[in-house]
Amino acid sequence: MKILVTGATGNTGSEVTRQLLAAGHAVRVLAHSADSAAKLPDGVEIQMGDFDDASALAAAFNGVEAAYALTPVNPKSAEWMQRLVDVAQNCGVRRFVKLSG
């Protein structure tokens, strides 16, 4: 199963990514910069993009069966999460886990 993780360089997302890889899952990560991508563990597939770019999100969700989604604390967090849900549904993602605070 291929799983998309957003927020994979933060405390929670990095641990989720590590555990998914250890369990043998294919993991794709949405990274917003080369600096953040450089922090990711070996074995992850990296998709560059941000939450405001629906085409980058569609590329990130393409071929993914499940997603673990979190967004940073930001005035646009609710808008970003709705966009993630909408794009995931349009791409046929079957499972979507949302972390909220």
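Anything mentioned here points back to the structure above.
Read on for a plain summary of the structure. Predicted model, so just to flag it, every value in this text is computed and none were measured. (Residues numbered from 1 in each chain as written. Predicted model: local features only at pLDDT ≥ 70, side-chain atom pairs only at ≥ 80, totals over all residues. Heavy atoms only, no water.)

1. Description of the packing of aromatic side chains
Following the criterion strictly, the structure yields one aromatic pair and no others. Geometrically, the ring pair formed by Phe-51 and Trp-80 is tilted, given 5.3 Å between the ring centres and 35° between the ring planes. One end of the pair, Phe-51, is in the loop between strand S3 (45-48) and helix H3 (54-61); the other, Trp-80, is in helix H4 (residues 77-90), and 29 residues separate them in sequence. (Phe/Tyr/Trp six-rings, centres within 6.5 Å; stacked < 30°, edge-to-face > 60°. Helix = DSSP H or I, 4+ residues; strand = E, 2+ residues; numbered from the N terminus.)

2. Some thoughts on the nonpolar core
Core analysis: the biggest nonpolar cluster contains 15 residues, and Leu-4, Leu-30, Phe-61 and Leu-84 have the highest contact counts within it. Listing elements by their share of this core, those giving two or more residues are H3, strand S4 (66-69) and H4. Take this core: its biggest share by element is five residues, from H4. With residues up to four places along the chain from it excluded, the contact list for Leu-4 reads Arg-28, Val-29, Leu-30, Ala-60, Phe-61, Val-64, Ala-66, Ala-67 and Tyr-68. Formed by 14 residues, the second largest nonpolar core is a distinct cluster that contains Val-29, Ala-31, Val-44 and Tyr-68. (Core = buried A, V, L, I, M, F, W, Y, C linked by side-chain atoms within 4.5 Å. Buried < 20%, exposed > 50% of the residue type's maximum accessible area, 1.4 Å probe, protein only. Contact = heavy atoms within 4.5 Å.)

3. Digging into the sheet that holds S4
If you trace the five strands from one edge of the open sheet to the other, you get S3-S2-S1-S4-S5, paired in parallel fashion. The open sheet terminates on both sides in strands that have one partner only, identified here as S3 and strand S5 (95-98). If you compare each strand with its neighbour and ignore which way they point, the axes differ by 20° on average. Examined bridge by bridge, strand S2 (residues 26-31) and S3 share four bridges and lie parallel to one another. Bridge pairing in S3 links Leu-30 to Gln-47. Contacts from H3 reach strand S1 (2-6), S2, S3, S4 and S5 within the one sheet, and its direction differs from that of S2 by about 170°. Set on the sheet, H4 makes contact with S1, S4 and S5; between it and S5 the angle comes to about 170°. (Pairing = 2+ DSSP bridges. Axes fitted to C-alpha atoms, helices over the stretch in contact; angles between N-to-C directions.)

4. As for the side chain of Thr-6
Secondary-structure assignment places Thr-6 in strand S1. A polar contact is formed between the side chain of Thr-6 and the backbone oxygen of Leu-70, at a distance of 2.8 Å. When near neighbours in sequence (up to four residues on either side) are disregarded, Thr-6 contacts Leu-30, Phe-51, Tyr-68, Ala-69, Leu-70 and Leu-84. (Polar contact = N/O pair within 3.5 Å; in protein donor to acceptor, adjacent residues only side chain to side chain.)

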